Amino acid sequence: MTLEQKDLSKILETAIVAARLAGQKALEDINFVKFSIKNDSELVTPTDSACQQIIIDKVKETFPDHGFIAEEGDQGKIFKQTPRGSQQIWWVIDPIDGTNNFVKKIPIFAVSIAAVYQGEPIVGVIFDPSTDSIFTAVKDNDAQINSRRINASDGNMDKYSSVGLDTHLGEKVPQWALEIMTRTRFRTLGSAALQIAYVAKGALIATVLTRPKLWDIAAGALIAQSAGAKVTNWEGKDIFPMDLDNYNGQELKTLTANKKVHAEILELLKNTS
Ligand code: IPD
Ligand code: CA
Ligand code: CA
């Protein structure tokens, strides 16, 4: 089955509505939220599951046979429902990316939704409710923020540029990270999806993610690539297409970078991680 433009438009429209509804709910809850701990290590709130349910219900209204891979399942597991019928499309959902910020009432978080077909993201939406910014991309089209085209930067690694890092650097900060920290104005925003979106709009020259899961990167990867950035694993290989039937929450070390610095950062990662 081939997907037509009208199918993609309908998927995009649905993803945007779902992301906006979930983001609105998260904003309503942020100052009143109570958290618990899942898998002995991560913070989670009832709002994470509520937002996920809002998204899944919205998608099912239009696409009852599509599949889902989403972060919040029962007892800390992932939520997975295989697609049925002829349109083998998976919706990959992170209802709140940046829960650690959210729990602390820091309004830096995003809703991330991707539709994946034949292992490749075909639609990506990242919604930042705090700034009312919606990043979108449809395969083979421009990346956009609030319907305006965005492009990755062509900035070099220097003392004026920023590279996004995360906080999973282990007990001893690796050499590649030290180098990025000393050579650039590095940032760690607490939302992997937003950091990728920021590479897409040229705010960050790159972001190195050490332990992201599929739902952290699926929408962002399409958005960043559509904006002219390069998205690979730490060996420099493409992450997609991916066999989603066999995806069960594995970590996917990811480098998203503008085309000027991708090779340089990749070398750092290969040599010093
Ligand atoms: C996390 C955030 C964080 C990143 C972690 C993710 P969550 O997602 O994106 O910035 O460093 O790897 O798990 O738990 O807030 O959805
Ligand atoms: Ca996440
Ligand atoms: Ca999350």
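For the structure, check the block above.
All of these numbers come straight from a predicted model, not from anything done at the bench. (Residues numbered from 1 in each chain as written. Chains lettered and ligands numbered in written order. Predicted model: local features only at pLDDT ≥ 70, side-chain atom pairs only at ≥ 80, totals over all residues. Heavy atoms only, no water.)

## Details of the coordination of the calcium ion (ligand 3)
For a metal with four tetrahedral donors the ideal donor-metal-donor angle is 109.5 degrees, whereas six octahedral donors ideally subtend 90 or 180 degrees. Worth spelling out the cut-off: For Na, K and Ca the donor cutoff is 3.2 Å, while for all other metals N, O and S atoms must lie within 2.8 Å; water is not among the atoms, so some sites may look incomplete. A helix here means a DSSP run of H or I that spans at least four residues, while a strand means a run of E at least two residues long, and both kinds are numbered starting from the N terminus.
At this site the calcium ion (ligand 3) is bound by Glu-71 (OE), Asp-94 (OD) and Ile-96 (O), with donor distances of 2.2 to 2.3 Å. Coordination of the calcium ion (ligand 3) draws on donor residues from a single chain, spaced E-x22-D-x1-I in sequence. Between the two metal centres, the calcium ion (ligand 3) and the calcium ion (ligand 2), the spacing is 3.8 Å, with Asp-94 acting as a shared donor. Here Glu-71 is found in the loop between β3 (67–70) and β4 (79–81), whereas its partner Ile-96 is found in strand β5 (residues 89–97), with 25 residues between them in sequence.

## Let's talk about the side chain of Asp-94
Applied cut-off: Here's how the labels work: a residue is buried when its accessible area is under 20% of the maximum for its type, exposed when over 50%, partly exposed in between, all with a 1.4 Å probe on protein chains only. A positive count includes Lys and Arg, and a negative count includes Asp and Glu. His and the chain ends are not counted in either. Any Lys or Arg side-chain nitrogen found within 4 Å of a carboxyl oxygen on Asp or Glu counts as a salt bridge. Polar contacts here mean pairs of N or O atoms no more than 3.5 Å apart (in protein, one a potential hydrogen donor and the other a potential acceptor; neighbouring residues in sequence count only if both atoms are side-chain atoms). We call two residues in contact whenever any of their non-hydrogen atoms come within 4.5 Å of each other.
If you trace the backbone, Asp-94 turns up in strand β5. Of the side chains with opposite charge, Lys-38 comes closest to the buried, unpaired Asp-94, at an N-O distance of 7.7 Å. Polar side-chain contacts of Asp-94 include one of 3.4 Å to the backbone nitrogen of Ile-96. The contacts of Asp-94, once residues within four sequence positions are left out, are Glu-71, Ala-110, Val-111, Ser-112, Trp-215 and Asp-216.

## Here's the deal with the pairing of β3
Residues in a regular strand project their side chains so that they alternate between the two faces of the sheet. The criterion, for reference: Strands were regarded as paired on the criterion that DSSP finds at least two bridges between them.
Burial along β3 is two-sided: Gly-67 and Ile-69 facing one way and Phe-68 and Ala-70 facing the other are all buried. Across four bridges, the pairing between β3 and β5 is parallel. Counterpart to Phe-68 in the pairing with β5 is Trp-91.

## Digging into the nonpolar core
Note the following rule: Throughout, nonpolar core names a set of buried Ala, Val, Leu, Ile, Met, Phe, Trp, Tyr and Cys residues whose side chains join them through atoms within 4.5 Å. Each domain's extent was defined by an automatic or database domain assignment.
Grouped together as the largest cluster of nonpolar side chains are 42 residues, with contacts concentrated most on Val-92, Ile-126, Phe-135, Leu-214 and Leu-244. Ranked by residues supplied to this core, first place goes to helix α6 (residues 214–226) with nine residues. Taken domain by domain, this core gets at least three of its residues from each of domain 1 (5–149) and domain 2 (162–272). Not counting residues within four places of it along the chain, the set of residues in contact with Phe-135 comprises Gly-124, Val-125, Ile-126, Gln-144, Ile-145, Ile-150, Leu-194, Ala-197, Tyr-198, Lys-201 and Ile-223. In this structure, Leu-3, Ile-30, Ile-56 and Ile-93 belong to the second largest nonpolar core, which totals 34 residues.

## Some thoughts on the site of ligand 1
Note the cut-off: Note on definitions. A residue lies near a molecule or strand when any single heavy atom of the residue is within 4 Å of it. A cavity here means a set of 1 Å grid points, computed over protein atoms only, where a 1.4 Å probe fits but cannot escape. A pocket is an open set with protein on both sides within 12 Å along at least 5 of 7 lines, and lining residues have an atom within 4 Å of a point. A molecule is counted as occupying a cavity or pocket when more than half of its atoms fall within 2 Å of that pocket's grid points. We call Asp, Glu, Lys and Arg charged. Ala, Val, Leu, Ile, Met, Phe, Trp, Tyr, Cys and Pro are nonpolar, and the rest, Gly among them, are polar.
Surrounding ligand 1, one finds 13 residues, the nearest of these being Asp-97, Gly-98, Thr-99, Gly-190 and Ala-192. One nitrogen or oxygen atom from the side chain of Glu-71 is found 3.2 Å from an oxygen atom belonging to ligand 1. A distance of 2.6 Å is found between an oxygen atom of ligand 1 and a side-chain nitrogen or oxygen belonging to Asp-97. The cavity that encloses ligand 1 is the largest pocket. Residues of the shell around ligand 1, tallied by class, amount to two nonpolar, five polar and six charged. Taken domain by domain, the makeup of the shell around ligand 1 includes at least three residues from each of domain 1 (5–149) and domain 2 (162–272).

## As for the packing of helix α4 (residues 175–183) against helix α7 (residues 262–272)
When two helices pack together, their arrangement is given by the angle between their axes and by how far apart the axes lie. Selection criterion: Note on definitions: angles span 0 to 180 degrees between N-to-C directions of axes, and those axes are lines fitted to C-alpha atoms, for helices only across the stretch in contact. By the definition adopted for this analysis, an angle is roughly parallel if under 35 degrees, roughly antiparallel if over 145, roughly perpendicular if from 65 to 115, and oblique otherwise.
Where α4 meets α7, the closest approach of the two axes is 8 Å, and the angle between their N-to-C directions is 140°. Between α4 and α7, the angle is such that the two are oblique. Where α4 abuts α7, its residues Gln-175, Trp-176, Glu-179, Ile-180 and Arg-183 lie against Glu-264, Ile-265, Leu-268, Leu-269 and Thr-272. When the residues that make up the contact of α4 with α7 are grouped by side-chain class, the tally is five nonpolar, two polar and three charged.

## Things to note about the sheet that holds strand β7 (residues 120–128)
Reading across from one edge, β4-β3-β5-β6-β7-β8-β9-β10 is the order of the eight strands in this open sheet, with mixed pairing throughout. One side of each edge strand has no neighbouring strand; the edge strands of this open sheet are β4 and β10 (148–149). Pairing of β3 with β4, which is carried by three bridges, proceeds in the antiparallel orientation. For Phe-68, the partnering residue across the bridge sits in β4 and is Gln-81. Across the sheet, helix α5 (residues 192–200) touches β5, β6 (110–117), β7 and β8 (133–138), and the angle it forms with β7 is around 100°. Contacts from α6 reach β3, β5, β6, β7, β8 and β9 (143–145), with the element oriented near 100° to β7.

## A few points about the coordination of the calcium ion (ligand 2)
The protein atoms that coordinate the calcium ion (ligand 2) are Asp-94 (OD), Asp-97 (OD) and Asp-216 (OD), at distances of 2.1 to 2.2 Å. The sequence pattern formed by the donor residues of the calcium ion (ligand 2) is D-x2-D-x118-D. Here Asp-97 falls in the buried class, since its relative accessible area comes to 6%.

## As for the layout of surface pockets
Operational definition: Grid points are joined across faces, edges and corners, and a volume is the space filled by probe spheres set on the points.
There is about 770 Å³ of room inside the largest pocket. Surrounding the largest pocket, 33 residues form its lining, Glu-42, Asp-97, His-168, Gly-190 and Asp-216 being those nearest its centre. Of all the secondary-structure elements, those providing two or more residues to the lining of the largest pocket are β2 (42–44), β5, α3 (99–103), α5 and α6. Both of domain 1 (5–149) and domain 2 (162–272) provide at least three residues apiece to the lining of the largest pocket. One number sums up the size of the second largest pocket: a volume of about 190 Å³. Lining the second largest pocket are Glu-120, Pro-121, Lys-139, Asp-140, Asn-141, Leu-222, Gln-225, Ser-226, Val-231, Asp-238, Ile-239 and Phe-240.

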